[in-house]
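Listed below, chain by chain, are the residues.
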Amino acid sequence: KKKLELYEEKTMSSSQSSVLGKRKRKSTQPNNECKEPEPLDIASPPKKKQKCDESASVRDRKKENDVDLTMHDSKDVNDSNEEKDAKLSCVPSFEIDAVVKQQFTKITDKDLIDRCWSIFYFYPFDFEENCGARLRQLNASLSAFQALNAKVVAVCTESRYAHLAWIQSESDGLGKTFDIPIISDLNGKLSAQFGVLQDGHAKNCVIIVSPHRTIKYVSEFSQDANLQPSVLVDQLSSTLKALQQA
């Protein structure tokens with residue numbers, strides 16, 4: 001009986017150990033199953049690539065939109081340039097301070113462009129030697145321009161007080177017999193409307209305007225140009241005659 005009991009105990013212990021071994025094997029199997037999801041990680045990148053492709057397509061669309069916008073901007077710029085040219089081809093209306101025969105007064109566009117031709121001489125500064133020589137020659141030729149049905153006016157981006165001081169100066173002044181009106185375009189608005197404003201000052205140039213308020217001739221020259229005043233007057237006279245006969 002004892003032998004049988006010992007034998008049964010051994011068989012029981014061996015069966016229990018086998019059962020425990022099976023449980024241990026079962027417990028180790030989940031670890032192997034946890035390693036199986038690796039294919040899912042490998043399969044996931046295509047989704048990321050698809051997102052990248054989508055973002056690339058969005059970027060391409062943005063680029064297309066950017067190109068369209070730049071094209072629209074260039075058209076607007078061209079349109080604005082055409083509008084500027086249209087404004088420059090016709091003299092704007094204005095009322096502005098001026099010095100006429102050593103008196104402060106107001107000048108309007110109607111005073112200058114009323115059934116006659118107008119010659120606008122723009123210059124940047126008073127007391128400039130070249131500008132003064134041209135103004136004196138223009139003033140001496142006023143009767144010749146009046147015979148051609150033309151008025152002469154000077155425009156400078158300095159104050160009316162500076163204009164008057166230059167006229168009345170005894171050393172290098174324009175003289176008390178100076179009769180050409182000098183407009184004080186202190187804020188540069190009139191020069192800008194004529195398209196001759198640069199760095200806050202008027203350029204050295206001559207503009208001829210017809211009785212219909214149309215700009216017919218523009219001649220620009222450097223401030224230090226060695227153009228003889230008499231040559232300038234002759235060129236303006238011949239140009240004015242040609243424009244009137246055209």
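Coordinates for the structure precede this section.
Residues numbered from 1 in each chain as written. Predicted model: local features only at pLDDT ≥ 70, side-chain atom pairs only at ≥ 80, totals over all residues. Heavy atoms only, no water.

### Things to note about unusual backbone geometry
Its identity as a non-glycine residue notwithstanding, phenylalanine 127 has a phi of 65°, on the positive side. Here phenylalanine 127 shows up in the loop between strand 3 (117-123) and helix 5 (129-140). We note that aspartate 199 has phi near 55°; this positive angle belongs to a residue other than glycine. (Helix = DSSP H or I, 4+ residues; strand = E, 2+ residues; numbered from the N terminus.)

### A few points about helix 5
End to end, helix 5 covers 17 Å across 12 residues, agreeing with the expected 16 Å (1.5 Å per residue, within 8%). On its buried face, helix 5 is in contact with strand 3, helix 6 (142-147), strand 4 (150-156), helix 7 (160-168) and helix 9 (229-245). (Expected span 1.5 Å × (residues − 1). Contact = heavy atoms within 4.5 Å.)

### Brief notes about the nonpolar core
Grouped together as the largest cluster of nonpolar side chains are 29 residues, with contacts concentrated most on Tyr123 and Phe145. Counting only elements with at least two residues in this core, the list comes to strand 3, helix 5, helix 6, strand 4, helix 7, strand 8 (205-209) and helix 9. Non-local contacts of tyrosine 123, meaning those with residues more than four positions away in its chain, are made with Cys131, Leu135, Ala154, Val155, Cys156, Thr157, His163, Trp166, Ile182, Ala202, Lys203 and Asn204. Core analysis: the next-biggest nonpolar cluster, separate from the first, contains 20 residues, Ala98, Leu112, Val153 and Ile215 among them. (Core = buried A, V, L, I, M, F, W, Y, C linked by side-chain atoms within 4.5 Å. Buried < 20%, exposed > 50% of the residue type's maximum accessible area, 1.4 Å probe, protein only.)

### Some details on the side chain of serine 118
Looking at the secondary structure, you find serine 118 in strand 3. Residue class for serine 118 comes out buried when judged on its relative accessible area of 1%. Polar side-chain contacts of serine 118 include one of 2.7 Å to the backbone oxygen of leucine 112. Apart from the residues lying within four places of it in its own chain, the contact partners of serine 118 are Leu112, Ile113, Lys151, Ile207, Ile208 and Val209. (Polar contact = N/O pair within 3.5 Å; in protein donor to acceptor, adjacent residues only side chain to side chain.)

### A few points about the sheet that holds strand 8
Pairing in this open sheet of seven strands is mixed, and the strands run 2-1-5-4-3-8-9 from one edge to the other. Lying at the two open borders of the sheet, with one neighbouring strand each, are strand 2 (103-108) and strand 9 (215-220). Strand-to-strand twist across the sheet, computed as the mean angle between neighbouring axes with direction ignored, equals 30°. Here helix 5 sits on the sheet and contacts strand 3 and strand 4; the angle it forms with strand 3, its principal contact strand, is near 160°. (Pairing = 2+ DSSP bridges. Axes fitted to C-alpha atoms, helices over the stretch in contact; angles between N-to-C directions.)

### Here we look at the environment of aspartate 114
Assignment of secondary structure puts aspartate 114 in the loop between helix 4 (109-112) and strand 3. On the basis of relative accessibility, which here comes to 45%, the residue aspartate 114 falls in the partly exposed class. Separated by 97 residues in the primary sequence, aspartate 114 and proline 211 have C-alpha atoms spaced 6.3 Å apart.

### Structural notes on the packing of helix 5 against helix 9
Packed helices, taken two at a time, are described by their axes: the angle between them and the distance between them. At their nearest, the axes of helix 5 and helix 9 sit 9 Å apart, and the two run at 50° to each other. As judged from the angle between their axes, helix 5 and helix 9 are oblique. As for the relative orientation of helix 5 and helix 9, their crossing is right-handed in sense. Residues Ala133, Arg134, Gln137 and Leu138 of helix 5 pack against Pro229, Ser230, Leu232, Val233 and Leu236 of helix 9. Broken down by class, the residue content of the contact of helix 5 with helix 9 amounts to six nonpolar, two polar and one charged. (Parallel < 35°, antiparallel > 145°, perpendicular 65-115°, else oblique. Left-handed = near helix turned anticlockwise from the far one by under 90°. Nonpolar A, V, L, I, M, F, W, Y, C, P; charged D, E, K, R; others polar.)

### A word on helix 9
In a regular helix each residue adds 1.5 Å, so 17 residues correspond to 24 Å; helix 9 covers 25 Å between its end C-alpha atoms and thus fits that length. Buried-residue contacts for helix 9 involve strand 3, helix 5, helix 6, strand 4, strand 8 and strand 9.

### Observations regarding the pairing of strand 9
Where strand 8 lies against strand 9, five bridges are found, and the strand directions are antiparallel. Bridge pairing in strand 9 places isoleucine 208 opposite tyrosine 217. Between the antiparallel neighbours strand 8 and strand 9 lie five residues, among them arginine 213 with a positive phi of about 70°.

### Quick notes on the environment of cysteine 156
With respect to the helices and strands, cysteine 156 occurs in strand 4. Expressed as a C-alpha distance, the spacing of cysteine 156 and glycine 188, which sit 32 residues apart in the sequence, is 8.6 Å. Not counting chain neighbours up to four residues away, the residues in contact with cysteine 156 comprise Tyr123, Pro124, Phe125, Asp126, His163, Ile183, Ser184 and Asp185.

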